[in-house]
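# Per-entry structural report
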Amino acid sequence: MAQFALILNAGSSSLKFFICKRPPGHVWELESRGQIDGIGTNPHLKAKDATDKVLIDTDLASDVKDGAKAINALGDWIRSLYGGSAVAGVGHRVVHGGPNYPAPVVITPKVMDDLRALVPLAPLHQPYNLAALEAVAQRIPGIPQVACFDTSFHRGQSAVAELVPLPAEIRNAGVQRYGFHGLSYEYIASVLPEVAPSIAGGRVVVAHLGSGASLCAMLGGKSIDSTLGFTALDGLCMGTRPGSLDPGVVLYLFQQLGLSAKEVEALLYKKSGLLGISGISNDMRDLLPSAAPAARLAVDYFVYQCAKQIGALAAALGGIDALVFTAGIGENSPEIRRRICQASAWLGIQLDTAANESRQTLISMPDSPVSAWVIPTNEELMIARHTGRLLGLSGRS
Ligand code: ADP
């Protein structure tokens, strides 16, 4: 019998889900995917199958006011589609595993307690991830669940790479560089030996450029550094987050402008980055065609920071063999890839403009000293693989 795993990525107002199937003797494949968005305002469920055929596209009852109610609504729909006992396990994206979870883990009461203790390190994400774990356990008591962390792939970095240079009593409270987007980087590392064997063992900078954006320096498929640090605010300019920022600016916001902690939090997570610079949009698709000077400045800054920080990670790696683009912008915008590669030409990247425009996997010239690639990420498949492995769903049957 085919096995099913449900993959959940729970946010503050949305619940993304993926239903993966593993027919006997086969590998995991996507069965359907979708999202409940507008949780708490106008809840709406939409799902498509693997061929992009719409399976459902409907408003939900207005009492779907929180993540638990959204899980119940999703559970009802899954039950109507696949029957009562189809789901063998549930895998969750959990943003923070802290210093002690360097790998995905099967949920136990002790693990839940540990993960709750990390809420202060990721207050905008962790509570929703944990609420989803709790809601599933309540709906289907005893169902095995797995937490897959955005931080895990980066564990094992050097003490220097993880260091936040503050006094020990502060560092001892968990203040260190964690890195995020780890499931995306882990997926890329897992496919490099097949997709790009010539670089899989080498010095690779992966650029995950989506609405959140970061770079990872990989040596032989392992993370040695990344641009996101203690929180998901550091590093590159993002859709609504500023990336690297002089901490003196934050002091100024508090001391001179009199902003409250909540106001500063909203400014840094929701109103800065591409949106803050342009005043127009957080979406690269709106900014690229715009002639507005502020939109152009936002795009220029995005590219400038990417190229500057690629240089920094190349230094951390002691040189660079390849640059890999992934995620929404990295996979879909030839213009951004072209501009970043041109700004990185000094490293030895020679772009093949035709290959870049036609979205080939290899987008650098055959004799380019440093190669450039476009490799679509698949964080959900990574979660499905971990979930299947940890729950013993992956043995051939
Ligand atoms: P996340 O998972 O972090 O929400 P994604 O990796 O799905 O982000 O990327 C979403 C972003 O990708 C959008 O905000 C948009 O800016 C960008 N994007 C998607 N398609 C294109 C495109 N064709 N050109 C430029 N940017 C794009």
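Residues numbered from 1 in each chain as written. Predicted model: local features only at pLDDT ≥ 70, side-chain atom pairs only at ≥ 80, totals over all residues. Heavy atoms only, no water.

On the basis of which strands lie adjacent, the open sheet formed by eight strands has the order 5-4-3-2-1-6-8-7 and mixed pairing. The sheet is open, and its two edges are formed by strand 5 (54-59) and strand 7 (105-106), each paired on a single side. Of the pairings in the sheet, the one linking strand 6 (residues 87-94) to strand 8 (residues 145-149) comprises five bridges and is parallel in character. Directly across from V94, in strand 8, lies its bridge partner F149. Contacts from helix 3 (residues 126-139) reach strand 1 (3-10), strand 6 and strand 8, with the element oriented near 165° to strand 6. (Pairing = 2+ DSSP bridges. Helix = DSSP H or I, 4+ residues; strand = E, 2+ residues; numbered from the N terminus. Contact = heavy atoms within 4.5 Å. Axes fitted to C-alpha atoms, helices over the stretch in contact; angles between N-to-C directions.)

With respect to the helices and strands, the residue S368 is situated in the loop between helix 14 (353-357) and strand 13 (371-374). Engagement of the side chain of S368 in a polar contact is seen with the backbone oxygen of G348, the distance being 3.2 Å. Within the structure, the side chain of S368 is placed 2.9 Å from the backbone nitrogen of Q350, a separation counted as a polar contact. Apart from the residues within four sequence positions on either side, S368 is in contact with G348, I349 and Q350. (Polar contact = N/O pair within 3.5 Å; in protein donor to acceptor, adjacent residues only side chain to side chain.)

Where a protein is soluble and globular, its nonpolar side chains tend to be buried together. In this structure, L115, L209, F302 and I340 are the most contacted members of the largest nonpolar core, which totals 55 residues. Ranked by residues supplied to this core, first place goes to helix 11 (residues 293-317) with ten residues. Two domains share this core, each providing at least three of its residues, namely domain 1 (3-156) and domain 2 (197-374). Ignoring sequence-local partners within four residues, the contact set of L209 consists of L236, F302, C306, F325, T326, A327, G328, I329, G330 and I340. (Core = buried A, V, L, I, M, F, W, Y, C linked by side-chain atoms within 4.5 Å. Buried < 20%, exposed > 50% of the residue type's maximum accessible area, 1.4 Å probe, protein only. Domains from an automatic or database assignment.)

Take the pattern of salt bridges next. When charged atoms on two side chains of opposite charge get close, those side chains can pair. Inspection of every chain in the model, using the stated rule, returns 14 salt bridges. Two residues, R155 and E162, come together in a salt bridge whose shortest N-O distance is 3.0 Å. By relative accessible area, R155 is classed as buried at 13%. Salt bridges here are not isolated pairs; linked through shared partners, they connect R93, D150 and E379. (Salt bridge = Lys/Arg side-chain N within 4 Å of Asp/Glu carboxyl O.)

The subject of this paragraph is the side chain of S281. Residue placement: S281 occurs in the loop between helix 9 (273-278) and helix 10 (284-287). By relative accessible area, which is 7% here, S281 ends up buried. Residues in contact with S281, not counting those within four places in the same chain, are L274, L275, D286 and L287.

Below, the discussion takes up the state of the cysteines. Applying the stated criterion to the full structure yields zero disulfides. The structure places no disulfide on C341, whose sulfur is separated from the nearest cysteine sulfur, that of C306, by 11 Å. (Disulfide = S-S within 2.5 Å.)

Each domain of the protein chain was delimited in the assignment, giving domain 1 (3-156) and domain 2 (197-374). Computed from C-alpha coordinates alone, the two centres of domain 1 and domain 2 are separated by 28 Å. In this complex, domain 1 contributes six residues to the contact, which on the side of domain 2 involves ten residues. Between domain 1 and domain 2, a total of about 670 Å² is buried, with carbon and sulfur atoms accounting for 66% of that surface. The three residues of domain 1 that bury the most area against domain 2 are L124, F153 and H154, which together make up 65% of that side's buried surface. Here domain 1 and domain 2 share zero salt bridges between them. On inspection of domain 1 and its partner domain 2, the count reaches one residue pair in polar contact (both at pLDDT 80 or more). Its residues assigned to classes, the side of domain 1 that touches domain 2 shows four nonpolar, two polar and no charged. (Buried area = accessible area lost by both parts, 1.4 Å probe. Nonpolar A, V, L, I, M, F, W, Y, C, P; charged D, E, K, R; others polar.)

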